[in-house]
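Remarks on the overall topology
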Amino acid sequence: MGFSMAFEDELRRTRIVPVIVIQDAAHAVPLARALVEGGLNILEITLRTQAGLEAIKAIARDVPGAIVGAGTVINAGQFAAAAAAGSRFVVSPGLTAEVAQAARDHAVPLLPGVATGSEIMQGLALGLSTFKFFPAETSGGAPAIKALGGPFPQVRFCPTGGVSAKNLAGYLSLPNVICAGGSWMVPSDLGAAGAFAQAAALAREASGLARSIA
Ligand code: 3PG
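Residues numbered from 1 in each chain as written. Predicted model: local features only at pLDDT ≥ 70, side-chain atom pairs only at ≥ 80, totals over all residues. Heavy atoms only, no water.

As for the overall build of the protein chain
Along the protein chain, the regular secondary structure elements total nine helices and eight strands. A compact globule built from 214 residues should have a C-alpha radius of gyration of about 17 Å, and the protein chain, at 16 Å, falls within 12% of that. Seen through its C-alpha atoms, the protein chain measures out along the principal axes to roughly 50 × 40 × 30 Å. Long-range contacts, defined here as pairs at least 24 residues apart, represent 61% of the contacts in the protein chain between residues at least 6 apart. (Helix = DSSP H or I, 4+ residues; strand = E, 2+ residues; numbered from the N terminus. Rg over C-alpha atoms; globule rule 2.2 N^0.38 Å. Contact = heavy atoms within 4.5 Å.)

Topic: helix α9 (residues 195-213)
Across its 19 residues, α9 extends 27 Å between first and last C-alpha, which sits within 8% of the 27 Å expected from 1.5 Å per residue. In this fold, the buried residues of α9 make contact with α1 (5-14), β1 (16-20), α2 (28-37) and α8 (168-172). (Expected span 1.5 Å × (residues − 1).)

Remarks on the packing of helix α4 (residues 76-84) against helix α5 (residues 97-106)
When two helices pack together, their arrangement is given by the angle between their axes and by how far apart the axes lie. Axis separation between α4 and α5 bottoms out at 9 Å; the angle between their running directions is 30°. In terms of orientation, α4 lies roughly parallel with respect to α5. For the pair α4 and α5, the crossing hand works out as right-handed. Judged by residue contacts, Ala76, Phe79, Ala80 and Ala83 of α4 engage Glu98, Val99, Ala102, Ala103 and His106 from α5. (Axes fitted to C-alpha atoms, helices over the stretch in contact; angles between N-to-C directions. Parallel < 35°, antiparallel > 145°, perpendicular 65-115°, else oblique. Left-handed = near helix turned anticlockwise from the far one by under 90°.)

A word on the pattern of salt bridges
With the rule as written, the count across this model stands at four salt bridges. The partner of Glu10 in a salt bridge is Arg13, and the shortest N-O contact between them spans 2.6 Å. Of the two residues, Glu10 and Arg13 are both situated in helix α1; the distance of three residues between them amounts to about one turn of the helix. As a salt-bridge pair, Arg204 and Glu37 come within 3.3 Å of each other at their nearest N and O atoms. Taken as a pair, Arg204 in helix α9 and Glu37 in helix α2 lie far apart in primary sequence, 167 residues in all. By relative accessible area, Arg204 is classed as partly exposed at 42%. (Salt bridge = Lys/Arg side-chain N within 4 Å of Asp/Glu carboxyl O. Buried < 20%, exposed > 50% of the residue type's maximum accessible area, 1.4 Å probe, protein only.)

Quick word on the site of the ligand
Around the ligand, the structure places Val19, Arg48, Phe134, Thr160, Gly161, Gly162, Gly182 and Ser183. Note that an oxygen atom of the ligand is positioned 2.7 Å from one of the side-chain N or O atoms of Arg48. A distance of 2.5 Å separates an oxygen atom of the ligand from a polar atom in the side chain of Ser183. Protein contact buries 77% of the 310 Å² of open area that the ligand shows by itself. In terms of residue class, the shell around the ligand is built from two nonpolar, five polar and one charged. (Near = heavy atom within 4 Å. Polar contact = N/O pair within 3.5 Å; in protein donor to acceptor, adjacent residues only side chain to side chain. Areas by Shrake-Rupley, 256 points an atom, 1.4 Å probe, with all protein chains shown as cover. Nonpolar A, V, L, I, M, F, W, Y, C, P; charged D, E, K, R; others polar.)

Topic: the packing of aromatic side chains
Across all of its chains, the model carries two aromatic pairs by this definition. A ring pair is formed by Phe7 and Phe89, whose centres lie 4.9 Å apart and whose planes are at 25°; its orientation type is stacked. Of the two residues, Phe7 is situated in helix α1 and Phe89 in the loop between α4 and β4 (90-92); the sequence distance between them amounts to 82 residues. Exposure class is identical for Phe7 and Phe89. Each is buried. Plain terms: the ring middles of Phe133 and Phe157 are 6.0 Å apart, the flat faces sit at 75° to each other, and that makes the pair edge-to-face. Taken together, the positions of Phe133 in strand β6 (residues 130-133) and Phe157 in strand β7 (residues 156-159) put the pair 24 residues apart, joining distant regions of the chain. With a relative accessible area of 0%, Phe133 lands in the buried category. Above the face of the Phe134 ring, Lys132 is positioned so that its terminal group lies 4.4 Å from the ring centre. (Phe/Tyr/Trp six-rings, centres within 6.5 Å; stacked < 30°, edge-to-face > 60°. Lys NZ or Arg CZ within 6 Å of the ring centre and 35° of its normal.)

Side note on the nonpolar core
By size, the foremost hydrophobic cluster in this structure holds 63 residues, and its most contacted members are Ile22, Phe79 and Phe157. No other element matches the six residues that α2 contributes to this core. With near-sequence residues (within four places) excluded, Ile22 lies in contact with His27, Ala28, Leu31, Ile45, Thr49, Ala51, Ala55 and Leu190. Counting residues in hydrophobic clusters, the runner-up holds eleven residues, among them Phe7, Leu11, Ile67 and Cys158. (Core = buried A, V, L, I, M, F, W, Y, C linked by side-chain atoms within 4.5 Å.)

Okay, structure coming up:
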């Protein structure tokens, strides 16, 4: 299943998806609250750590203003676990028929990663038209997305990987970019004093930037 229209509308409104690596599940809810307070309510929790699924469950339960999803999902088993934990969307670094089928089975919107024309064509054949462009900066950045808009005018991208407050505008000003993902607004040590306040401030800066471009 591709992105549902309602979810895509939400992405178009917020335009930035924090990519979050949680080491300690106890950090999940205060971090999510800080990011929502800063104006970013669509949150991707990566399944790269043991705490990922627990973090998704906690945010889904305790932060009603957040739309929480799972990232780094690379197979059907992880997809099922992410859906059971309450993920409202799933992000993958790549595109496989297995993960696309899991998205249909669970009726959860999937944002799969692509970086080439062939991968986009595989996605279109699977009925998808909104993709994560990954890893964005090293795959040619905004000029590559602009160039891909020539042959693929029906495709929308969410560039992720190397996106920051410095290069965000270059991405979000492209007509075929609906949103951008990145970890720059999440402090690396969430256990440090002031980390959540810092996350809220960085989220506020990012959402303000996105609004100024829209
Ligand atoms: C990732 O997969 O880690 C995301 O693409 C985030 O990338 P970033 O840390 O460069 O923002």
